[in-house]
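Chain by chain, the residues:
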Amino acid sequence: FSRTERLFLRFQVYGPAGATAAVTMQLLNQQGTVMAALPSPTATTNNGYEADVGLGPLPAGSYLIEIAADFGGEKTRALVAIRVTG
């Protein structure tokens, strides 16, 4: 992706019936070290979430976006790999 672009992420989170997840996002470098917390995604309908991530401040390189969900102590995460170009 070019630094002038924005990513629009849309995903669903499933857990125990009736439980609400605490969903967070972080930007990681390619080694998996946390670089920055990203704004929390917005909840939509049917267990859905969406987030808009700007790439402008990032230098060219490879990154991971970590999406984490916590259901009362039970945690899971997904990693999305991206490459930012000049």
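Look up a bit, the structure's there.
Let me begin by describing the structure that accompanies this report. (Residues numbered from 1 in each chain as written. Predicted model: local features only at pLDDT ≥ 70, side-chain atom pairs only at ≥ 80, totals over all residues. Heavy atoms only, no water.)

## What about the nonpolar core?
So, step 1. Ranked by size, the top nonpolar core spans 21 residues in total, and within it Phe11, Val13, Val23, Met25, Ile65 and Ile82 carry the most contacts.
So, step 2. The set of elements that each furnish at least two residues to this core consists of strand S1 (6–12), strand S2 (22–29), strand S5 (48–54), strand S6 (61–71) and strand S7 (74–84).
So, step 3. Residue contacts for Val13: discarding those within four places in its chain leaves Ala21, Val23, Asn47, Tyr49, Ala69 and Phe71. (Core = buried A, V, L, I, M, F, W, Y, C linked by side-chain atoms within 4.5 Å. Buried < 20%, exposed > 50% of the residue type's maximum accessible area, 1.4 Å probe, protein only. Helix = DSSP H or I, 4+ residues; strand = E, 2+ residues; numbered from the N terminus. Contact = heavy atoms within 4.5 Å.)

## Details of the environment of Val23
So, step 1. Within the secondary structure layout, Val23 lies in strand S2.
So, step 2. Under the relative-accessibility criterion, Val23 is labelled buried at 9%.
So, step 3. Separated by 30 residues in sequence, Val23 and Val53 place their C-alpha atoms 15 Å apart.
So, step 4. When residues no more than four places from it in sequence are discounted, the contact partners of Val23 are Phe11, Val13, Ser40, Pro41, Tyr49, Ile67, Ala68 and Ala69.

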